[in-house]
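# Architecture at a glance
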Amino acid sequence: TWGARRFQAIPPCDVLLTHMPPNGILDLGNNNRCWGDETLRRQVTERIVPPPRVHLYGHVHEMYGYERHGPTTFINCALKWKNMRRPVVFDFFVPADKA
């Protein structure tokens, strides 16, 4: 499918930024439906070596927050228009061998 081909093009990276969340990780909408993409989840957690250290995304405004799965911290940084949330701020340290 188009989505599968698109996500297979993601190269190894330290920080991944997508609009769509991966399926099952901070993607539950107010209608109890998971809005994330299963192919994206498999790419991030299984195919990309080494996996991203941080995956930032939005789209599902109800699930603002972060979770760690293995070596990757997943951050849903979607803001809301009502009761505006603060922007996500995090420190990212670059190892000396990558500087």
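In case you missed it, the structure is sitting above this.
Notes on the structure in this doc start here. (Residues numbered from 1 in each chain as written. Predicted model: local features only at pLDDT ≥ 70, side-chain atom pairs only at ≥ 80, totals over all residues. Heavy atoms only, no water.)

## Describing unusual backbone geometry
Defined as follows: Numbering of helices and strands runs from the N terminus; a helix is a DSSP stretch of H or I covering at least four residues, while a strand is a stretch of E covering at least two.
In this model, Val 49 is joined to Pro 50 through a cis peptide bond whose omega is -10°. Note on placement: Pro 50 falls in the loop between helix 2 (38-47) and strand 2 (54-57). Within the chain, Leu 26 stands out as a residue other than glycine whose phi angle is a positive 50°. Among the secondary structure elements, Leu 26 is positioned in the loop between strand 1 (15-17) and helix 2. In the Ramachandran plot, Asn 32 falls in the positive-phi region, its phi being about 60° despite a non-glycine side chain. If you trace the backbone, Asn 32 turns up in the loop between strand 1 and helix 2.

## Observations regarding the packing of aromatic side chains
Threshold: Ring pairs shown here join Phe, Tyr and Trp side chains whose ring centres sit within 6.5 Å, with only the six-membered ring taken for Trp; geometry is labelled stacked below 30 degrees between planes, edge-to-face above 60, and tilted in between. By definition, being over a ring means that NZ of Lys or CZ of Arg is both within 6 Å of the ring centre and within 35 degrees of the ring normal.
What the rule picks out here adds up to 0 aromatic pairs. The ring of Trp 35 is capped by Arg 33, whose NZ or CZ atom sits 3.8 Å from the centre of that ring.

## Details of the pattern of salt bridges
Worth spelling out the cut-off: One side-chain nitrogen of Lys or Arg within 4 Å of one carboxyl oxygen of Asp or Glu is enough to make a salt bridge. Burial status follows relative accessibility: with a 1.4 Å probe on protein chains alone, a residue under 20% of its type maximum counts as buried, one over 50% as exposed, and anything between as partly exposed.
Evaluated as defined, the whole model comprises 1 salt bridge. Where Arg 42 meets Glu 38, a salt bridge forms, and the shortest distance between an N and an O atom there is 3.7 Å. Placement of the pair is Arg 42 and Glu 38 together in helix 2, with a separation of 4 residues, close to one helical turn. Looking at Arg 42, the relative accessible area reads 36%, which means it is partly exposed.

## Remarks on the side chain of Thr 39
Test applied: When checking whether two residues touch, look at their non-hydrogen atoms; a contact exists if any pair is within 4.5 Å.
Structurally, Thr 39 is set in helix 2. The class for Thr 39 is buried, based on a relative accessible area of 17%. Leave out the neighbours within four places in its chain, and Thr 39 touches Ala 4 and Phe 7.

## Remarks on the environment of Glu 38
Residue Glu 38 is classed as partly exposed on the basis of its relative accessible area, which comes to 34%. On a C-alpha basis, the gap between Glu 38 and Ala 4 in space is 9.3 Å, while along the polypeptide they are 34 residues apart.

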